[in-house]
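An overview of the molecular structure
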Amino acid sequence: MRKTPANGRPGVGSIANHPIAKLAPAALAWLGRQGARALAALVFIGIALPPLGALLKPFVSEAIFVLLCVAFLRVDMAALRGHLGRPAIVLASAAWTVVAVPLLIGAGGIAFGLKAHAPDLFLALVLHAVASPMMAAPAFAAVMGLDATLVLVTLVASTLITPFSAPAFADMFVGPALALSPLELGLKLTAILAGSALVAAVIRRFVGAKAIAQHKQEIDGFNILVVFVFVAALMENIAARFIATPLAMIALTALAFAVSFGILGATMLLFRPFGRERALALGLMASQRNTGLMLAATGGAVPDMVWLYFGLCQLPIYLSPQLLQPLARRVKQKVALEQG
């Protein structure tokens, strides 16, 4: 017969052995094993359940912070140090990602008259362009069999530059259209990135890298659940807007895909001299922007068009591992033939 503590409450051991306590890690591990399929499914679940998006929208900033903590928690420090010994491609790709791309997008938007005739859409494009790459980009590269370590190192370098580059370009292109001053935006970005990195370092110090590696699948599953908070909030009004203005929404969706794959293609061409596989990995990273970071930094105080465009940007982001898998296989086959 099981003994009950003198205070009548179940002990820690009995709680740990409870069926629900055992089921939760198993469920998270199963979800984590779904990988790219689960991430793609999140988009469609978010579109199908707009009330859930409305419920989760106030927690977007917190969700982004947690996602950044998880991403920094899983940084492979040994691999990071290894790539830092060959900085040329890292510095070039970081400069392209957080300096050249925002300049091209901003100048292109002005050239096409978006700043004058569609200022909210122009603001969305600029905020999308100045954001650092997604922290999940190395995981996406790994799913596709690409050089995830190179993506990780370039991501870290780009993220370090972003608190300085993003406010400068935002002020250059949109100025008063953004509620925050460049200084406020830079300070908030620094606080979010530095704070999440610090939390991750503390957790890594007390938990240990070995335990983190052993629970990779459970962490992946937890990460997917937190990603859903962000995705569902962005997808809140997507279905309703498609019903109300289908042609405008199709055009906006096409723009989101065009920007994403345009950045992907341009990056691949630019970095082709470094090898096809590396060029594809860097193109994938550069095309996947951390729009959630910009929402967190602005506190969500942006026009509805920004929320809408950022929501549609999730389609190419979370579908790209599936859509680009055939291209990744062909690139790897060509590289293997060249090396053979």
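Remember, predicted model here, so these are calculated numbers, not experimental data.

What counts and how
Residues numbered from 1 in each chain as written. Predicted model: local features only at pLDDT ≥ 70, side-chain atom pairs only at ≥ 80, totals over all residues. Heavy atoms only, no water. Core = buried A, V, L, I, M, F, W, Y, C linked by side-chain atoms within 4.5 Å. Buried < 20%, exposed > 50% of the residue type's maximum accessible area, 1.4 Å probe, protein only. Helix = DSSP H or I, 4+ residues; strand = E, 2+ residues; numbered from the N terminus. Contact = heavy atoms within 4.5 Å. Phe/Tyr/Trp six-rings, centres within 6.5 Å; stacked < 30°, edge-to-face > 60°. Patch = residues over 30% accessible without salt bridge, like charges linked within 9 Å, V, L, I, M, F, W, Y side chains within 5 Å. Areas by Shrake-Rupley, 256 points an atom, 1.4 Å probe, with all protein chains shown as cover. Salt bridge = Lys/Arg side-chain N within 4 Å of Asp/Glu carboxyl O. Axes fitted to C-alpha atoms, helices over the stretch in contact; angles between N-to-C directions. Parallel < 35°, antiparallel > 145°, perpendicular 65-115°, else oblique. Nonpolar A, V, L, I, M, F, W, Y, C, P; charged D, E, K, R; others polar.

**Structural notes on the nonpolar core**
With 101 residues, the main nonpolar core has Phe-230, Met-294, Tyr-309, Phe-310 and Tyr-318 as its most contacted residues. Ranked by the residues each element gives to this core, the list is headed by helix H14 (residues 216-234), at eleven residues. Once residues within four sequence positions are removed from consideration, Phe-310 is found in contact with Ala-124, Leu-127, His-128, Leu-234, Thr-291, Met-294 and Leu-295.

**Looking at the environment of Ile-89**
The residue Ile-89 is located in helix H7 (residues 87-111) in this model. In the structure, Ile-89 is positioned 61 residues away from Leu-150 in sequence and 8.9 Å away in space, judged by C-alpha atoms. Contact partners of Ile-89, with chain neighbours within four places excluded, come to Leu-150, Phe-271, Phe-274, Arg-278 and Leu-282.

**Some points on the packing of aromatic side chains**
In this structure the tally under the stated criterion is two aromatic pairs. Measuring from ring centre to ring centre gives 6.1 Å for Phe-257 and Phe-261, while their planes differ by 5°; the resulting arrangement is stacked. Here the residue Phe-257 and the residue Phe-261 both occupy positions in helix H16 (residues 246-270), the gap between them amounting to four residues, near one helical turn. Look at Phe-261 and you get partly exposed, because its relative accessible area is 29%.

**Comments concerning a nonpolar patch on the surface**
A cluster of nonpolar side chains, Leu-198, Val-199, Val-202, Ile-203, Phe-206 and Val-207, forms an exposed patch at the surface whose accessible area comes to about 560 Å². Its relative accessible area of 56% is what places Leu-198 among the exposed residues.

**Examining the pattern of salt bridges**
Enumeration according to the criterion identifies one salt bridge in this entry. Asp-220 is the salt-bridge partner of Lys-216, the closest N and O atoms lying 2.8 Å from each other. Highlighted residues: Lys-216 and Asp-220, both in helix H14, separated by four residues, approximately one helical turn. What makes Lys-216 partly exposed here is its relative accessible area of 44%.

**Considerations on the packing of H14 against helix H19 (residues 304-323)**
It is the contact of H14 with H19, at a shortest axis distance of 8 Å, that shows an interaxial angle of 130°. Comparing the axis directions of H14 and H19 gives the class oblique. When H14 is examined against H19, the residues Val-227, Phe-230, Val-231 and Leu-234 are found in contact with a partner set consisting of Trp-307, Phe-310, Gly-311, Gln-314 and Tyr-318. Residues of the contact of H14 with H19, tallied by class, amount to seven nonpolar, two polar and no charged.

Any functional reading would require information beyond the geometric quantities listed.
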